[in-house]
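The primary structure of each chain is shown beneath.
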Amino acid sequence: MDSVSIVISRQATGPTPPSTANAMAPNALRTRVAEVVAQMGKPPWSKRIIADERQLVTLIASPPAGGNRPHWHREFDEWWVVLAGQLQWELTGNIVVQAAKDDIVWVPRGAVHHIVNVGTEMSLRLAVAMPPANHYFSPCEQCGYTDDGPREWCA
Ligand SMILES: [Zn+2]
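What counts as what
Residues numbered from 1 in each chain as written. Predicted model: local features only at pLDDT ≥ 70, side-chain atom pairs only at ≥ 80, totals over all residues. Pairing = 2+ DSSP bridges. Helix = DSSP H or I, 4+ residues; strand = E, 2+ residues; numbered from the N terminus. Axes fitted to C-alpha atoms, helices over the stretch in contact; angles between N-to-C directions. Core = buried A, V, L, I, M, F, W, Y, C linked by C-beta atoms within 7 Å. Buried ≥ 20, exposed ≤ 12 C-beta atoms within 10 Å, placed from the backbone.

**A short note on the pairing of strand β5 (residues 86–91)**
- The pairing of β5 with strand β6 (residues 95–100) spans six bridges and is antiparallel. Across the sheet, residue L87 finds its bridge partner in β6, namely A99.
- A loop of three residues connects β5 with β6, the two strands running antiparallel in sequence, and G93 in this loop sits at a positive phi of about 95°.
- By the bridge criterion, five bridges tie β5 to strand β8 (residues 113–117) in an arrangement that is antiparallel.

**Examining the sheet that holds strand β7 (residues 104–107)**
- With antiparallel pairing, the five strands of this open sheet are ordered in space as β1-β2-β9-β4-β7. Lying at the two open borders of the sheet, with one neighbouring strand each, are β1 (45–51) and β7. Here the strands of the sheet are splayed against their neighbours by 20° on average, with no regard to which way each runs.

**Some words on the pairing of strand β4 (residues 78–84)**
- Here β4 runs beside β7; their pairing, made up of four bridges, is antiparallel. When the sheet's bridge partners are listed, V81 is paired in β7 with I104.
- When β4 meets strand β9 (residues 123–129), the two strands line up antiparallel, connected through five bridges. Bridging across to β9, W79 finds its partner in V128.

**Regarding unusual backbone geometry**
- For the bond running from P43 to P44, omega is 10°, close enough to zero to count as cis.
- Put simply, P131 and P132 share a cis peptide bond, and its omega is 0°.
- Within the fold, P132 resides in the loop between β9 and β10 (134–137).
- A positive phi angle is found at N27, which is not glycine, with a value near 70°.
- In this structure, N27 sits in the segment before α1 (33–40).
- A positive phi angle, near 50°, is found at A133, a position not held by glycine.
- Tracing the backbone through its elements, the reader meets A133 in the loop between β9 and β10.

**Description of the nonpolar core**
- Membership of the largest hydrophobic core comes to 17 residues, with the highest contact counts inside it found for W89 and V105.
- At the level of secondary structure, the elements contributing two or more residues to this core comprise β2 (56–62), β5, β7, β8 and β9.

Keep in mind that these numbers describe shape and distance, not what the molecule does.
See the structure below:
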């Protein structure tokens with residue numbers, strides 16, 4: 001397997017005001033989650049909050065029984081902070097992780113993760129991934145979830 005490297009093309013040379021910040025996402029100095037939720041409305045939706053050479057941070061809302069397409073990542077570990085609701089991660093190896101508000105979930109590279117809102121309210125999770133965040137679709141070995149989408153995609 002080829003190794004992967006990243007290029008940091010813009011580097012700070014000293015203390016610098018945050019002039020590269022945006023008024024709106026991504027890369028606002030402050031994001032009020034409640035305002036994003038109000039703007040985005042009914043789930044499912046996702047909103048990129050932070051993006052740079054090393055991180056892609058996305059706020060993701062799912063309705064009850066909703067979730068992601070099961071997939072795995074080749075070169076990075078992914079983690080989430082649960083901000084609302086009851087979520088379940090079904091992972092390769094028959095591992096199930098239940099998580100609720102304020103829980104942090106970490107999944108290493110290579111593990112298929114199928115994330116499902118198992119509660120009765122909208123779930124909200126902040127996902128931290130690394131660009132280019134290639135996704136490799138793989139059916140969930142636990143629940144059998146599969147679909148006809150692309151085998152590989154980039155978030
Ligand atoms: Zn992922």
